Amino acid sequence: MKLLYIGSYCDKEIFNELNARKNPFFIAQYSYEYAMCQEFLKEQDMEIDFVTLYQVEYWPKERLFCYFPKKKDDLCKVLGFINIPFLREISYSISIIGKIIKWAIKNRNIKCKCVYSSMHFTPVSIAVVMVTKLFR
């Protein structure tokens, strides 16, 4: 089985950065998704591609351009975005649409595949529903 996971799963470096800010909502969400993804990874017959959305406050409290280059040992790809209120939502939607289309085309010969989104954020949810309907 092939799974595309869209959510807040992150590596320890990003988790430690969020933990230092002492925001209980983010800590709880990331801890939950980390535990859930560790269980997914224990499955022998499942291949998982992770796409992570990094949630921060809007600019000027946080940086304006958020980009995270993928390291060789990372399991997940963190999407970059422009951190201005309306542009962040648009960049999330466009990025998710692009990621799902690319993933679906790459795995078009696999019959048992699934897109799982634990991100209940309107621009992401709409993009996931629209694109997955195309690639049933």
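Residues numbered from 1 in each chain as written. Predicted model: local features only at pLDDT ≥ 70, side-chain atom pairs only at ≥ 80, totals over all residues. Heavy atoms only, no water.

(A) Highlighting the pattern of salt bridges. The tally for this structure, following the rule as stated, stands at three salt bridges. Salt bridges linked by common partners bring Lys2, Glu47 and Asp49 together as one network. (Salt bridge = Lys/Arg side-chain N within 4 Å of Asp/Glu carboxyl O.)

(B) Up close: the nonpolar core. Among the nonpolar cores identified, the biggest contains 22 residues, and Ile6, Leu53, Tyr54, Ile96, Ile100 and Val124 are the most heavily contacted of them. Counting only elements with at least two residues in this core, the list comes to strand S1 (2-7), helix H1 (12-21), helix H2 (24-42), helix H3 (85-106) and helix H4 (122-134). Setting aside residues no more than four positions away along its own chain, Leu53 makes contact with Gly7, Ser8, Tyr30, Leu79, Tyr92, Ile96, Met119 and Val124. Core analysis: the second largest hydrophobic core is formed by nine residues, Leu3, Tyr9, Met36 and Cys37 among them. (Core = buried A, V, L, I, M, F, W, Y, C linked by side-chain atoms within 4.5 Å. Buried < 20%, exposed > 50% of the residue type's maximum accessible area, 1.4 Å probe, protein only. Helix = DSSP H or I, 4+ residues; strand = E, 2+ residues; numbered from the N terminus. Contact = heavy atoms within 4.5 Å.)

(C) Region of interest: the sheet that holds strand S6 (residues 113-117). Pairing in this open sheet of four strands is parallel, and the strands run S4-S2-S1-S6 from one edge to the other. A single partner strand is all that each edge strand has here, and the edge strands are strand S4 (76-78) and S6. Strand-to-strand twist across the sheet, computed as the mean angle between neighbouring axes with direction ignored, equals 15°. Pairing between S1 and S6: five bridges, direction parallel. Bridge pairing in S6 links Leu3 to Cys114. Of the strands in this sheet, S1, strand S2 (47-52), S4 and S6 are in contact with H3, which crosses S1 at around 175°. Sitting on the sheet, H4 touches S1 and S6, and the angle it makes with S6 is about 165°. (Pairing = 2+ DSSP bridges. Axes fitted to C-alpha atoms, helices over the stretch in contact; angles between N-to-C directions.)

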